Amino acid sequence: MTDRRSSSSSSLSSGPSSAGASAMWLLLIVLALPSLASAQYPGAEPLDWPCEQRLIPALAWGALWDGPSPEALKKQWWEDEEVGAVVRFATARKTPRDVAIARVRSFAEDVASGQQSAGRSLTQEEIEQRLTLLFAGLFERIDRERNRVIAVIRGAARAQVARLDRISRMIDRLEVLSASETASNDAIERLQEALYWERQTFRMRQQALPAFCEKPYLLEESLSRMVRDIRSQM
């Protein structure tokens with residue numbers, strides 16, 4: 001059987017000692033997850049928030065909407081069949097963003113023109129109520145989806161930190177085995193392969209994070225555009 005200790009030493013040339021390997025991967029944590037680097041400062045992002053974008057844990061409807069209060073509505077948005085259908089279509093994950101925004105705009109224009117499925121013209125108060133119902137539904141559903149995405153991002157960040165810790169411990173273990181006269185080559189090869197795949201998984205997950213980090217912002221932007229279209233009809 002070929003001795004794999006020489007290849008083990010070569011693959012770890014950047015960290016010749018156990019302490020050196022650990023230090024290398026701790027530094028990588030800081031570089032890979034920027035929020036960890038600033039967590040010690042007041043007002044810094046949570047440790048499990050890896051995005052450059054500032055974390056806003058929850059949206060407030062008052063920051064987006066200056067129309068009638070949704071809390072004063074006499075019924076829920078889903079109780080208006082047409083409003084409910086538009087809200088569900090516009091907030092479905094499979095609906096393209098521009099299509100969703102266009103559907104909301106078209107419906108808001110129809111409501112503002114006084115159209116109603118029953119054929120009766122709407123009063124200004126009824127128009128404002130329906131458009132407020134539309135906003136309430138869009139806000140509720142988009143905020144819920146945004147919260148889900150944020151939870152996924154934070155969970156992925158925690159998993160990355162845990163994976164880096166495993167990688168660091170595997171490097172330390174590989175160094176010990178490589179320096180041992182009694183360790184089997186099979187054991188070294190198995191650990192090398194496991195270490196390779198852990199590193200590959202870490203890199204792939206890290207490369208995917210920026211796209212995930214964009215999603216909360218894109219959801220907020222879509223909601224803001226819908227709100228502007230609704231308010232322009234009131």
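This text follows the structure it describes.
## Digging into the overall build of the chain
Now for step 1: Check the secondary structure of the chain and you find seven helices and zero strands.
Now for step 2: Ordering the α and β elements of the chain from the N terminus gives α-α-α-α-α-α-α.
Now for step 3: When each of the 234 residues of the chain is scored for burial, the buried share is 38%.
Now for step 4: Considering only residue pairs separated by 6 or more positions, the chain has 77% of its internal contacts joining residues 24 or more positions apart.

## Focus: the packing of helix α4 (residues 81-91) against helix α6 (residues 124-179)
Now for step 1: In the contact formed by α4 and α6, the axes pass within 9 Å of each other and the chain directions differ by 35 degrees. Crossing of α4 against α6: the hand is right-handed. Touching Glu82, Val83, Val86, Val87, Arg88, Ala90 and Thr91 of α4 are Arg130, Leu133, Leu134, Gly137, Leu138, Arg141 and Ile142, all from α6.

## Re the nonpolar core
Now for step 1: Ranked by size, the top nonpolar core spans 26 residues in total, and within it Val104, Leu134, Leu138, Met226 and Ile230 carry the most contacts.
Now for step 2: Taken together, the elements giving at least two residues each to this core come down to α4, α5 (97-112), α6 and α7 (185-231).
Now for step 3: Top element by residues in this core is α6. It accounts for eight residues.
Now for step 4: Once residues lying within four places of it in the same chain are set aside, the contact partners of valine 104 are Val86, Ala90, Leu134, Leu138, Met226 and Ile230.
Now for step 5: Leu174, Leu177, Ala183 and Leu191 belong to the second-largest nonpolar core, a separate cluster that totals eleven residues.

## Observations concerning the packing of α4 against α5
Helix-helix packing: each pair is described by the crossing angle between the helix axes and the interaxial distance.
Now for step 1: Interaxial distance between α4 and α5 falls to 9 Å at its minimum, and their mutual angle equals 160 degrees. One way to sum up the angle between α4 and α5 is to call them roughly antiparallel. Considering how the two elements wind past one another, α4 and α5 form a crossing that is left-handed. Here Glu82, Val83, Val86, Phe89 and Ala90 of α4 come into contact with α5, specifically with Val99, Ala100, Arg103, Val104 and Phe107.
Now for step 2: Split into classes, the residues belonging to the contact of α4 with α5 amount to eight nonpolar, no polar and two charged.

## A closer look at the layout of surface pockets
Now for step 1: When its volume is computed, the largest pocket comes out at roughly 380 Å³.
Now for step 2: Surrounding the largest pocket, 18 residues form its lining, Ala92, Arg93, Thr95, Glu145 and Leu219 being those nearest its centre.
Now for step 3: Elements supplying a minimum of two residues to the lining of the largest pocket: α4, α5, α6 and α7.
Now for step 4: Counted by class, the lining of the largest pocket contains nine nonpolar, three polar and six charged residues.

## Things to note about the state of the cysteines
Now for step 1: The final tally for this structure, using the stated rule, is one disulfide.
Now for step 2: Residue pairing for cysteine 51: its cysteine sulfur links by disulfide to cysteine 213, the two sulfurs lying 1.9 Å apart. In this structure, the disulfide formed by cysteine 51 and cysteine 213 twists by about -75 degrees around the S-S bond and is classed as left-handed. Of this pair, cysteine 51 sits in the loop between α3 (34-38) and α4 while cysteine 213 sits in helix α7; the two residues are 162 residues apart in sequence, bridging distant segments of the chain. In terms of burial, cysteine 51 and cysteine 213 fall into one category: buried.

## Notes on the environment of glutamate 126
Now for step 1: Position of glutamate 126 among the secondary structure elements: in helix α6.
Now for step 2: Taking the C-alpha atoms as reference, glutamate 126 lies 9.6 Å from alanine 112; in sequence the two are 14 residues apart.
Now for step 3: Of the polar contacts made by the side chain of glutamate 126, one reaches the backbone nitrogen of threonine 123; its length is 2.9 Å.

Thresholds applied
Residues numbered from 1 in each chain as written. Predicted model: local features only at pLDDT ≥ 70, side-chain atom pairs only at ≥ 80, totals over all residues. Heavy atoms only, no water. Helix = DSSP H or I, 4+ residues; strand = E, 2+ residues; numbered from the N terminus. Buried < 20%, exposed > 50% of the residue type's maximum accessible area, 1.4 Å probe, protein only. Contact = heavy atoms within 4.5 Å. Axes fitted to C-alpha atoms, helices over the stretch in contact; angles between N-to-C directions. Left-handed = near helix turned anticlockwise from the far one by under 90°. Core = buried A, V, L, I, M, F, W, Y, C linked by side-chain atoms within 4.5 Å. Parallel < 35°, antiparallel > 145°, perpendicular 65-115°, else oblique. Nonpolar A, V, L, I, M, F, W, Y, C, P; charged D, E, K, R; others polar. 1 Å grid on protein atoms, 1.4 Å probe; cavity = no way out; pocket = protein on both sides within 12 Å on 5 of 7 lines; lining within 4 Å. Points joined across faces, edges and corners; volume = space filled by probe spheres on them. Disulfide = S-S within 2.5 Å. Polar contact = N/O pair within 3.5 Å; in protein donor to acceptor, adjacent residues only side chain to side chain.

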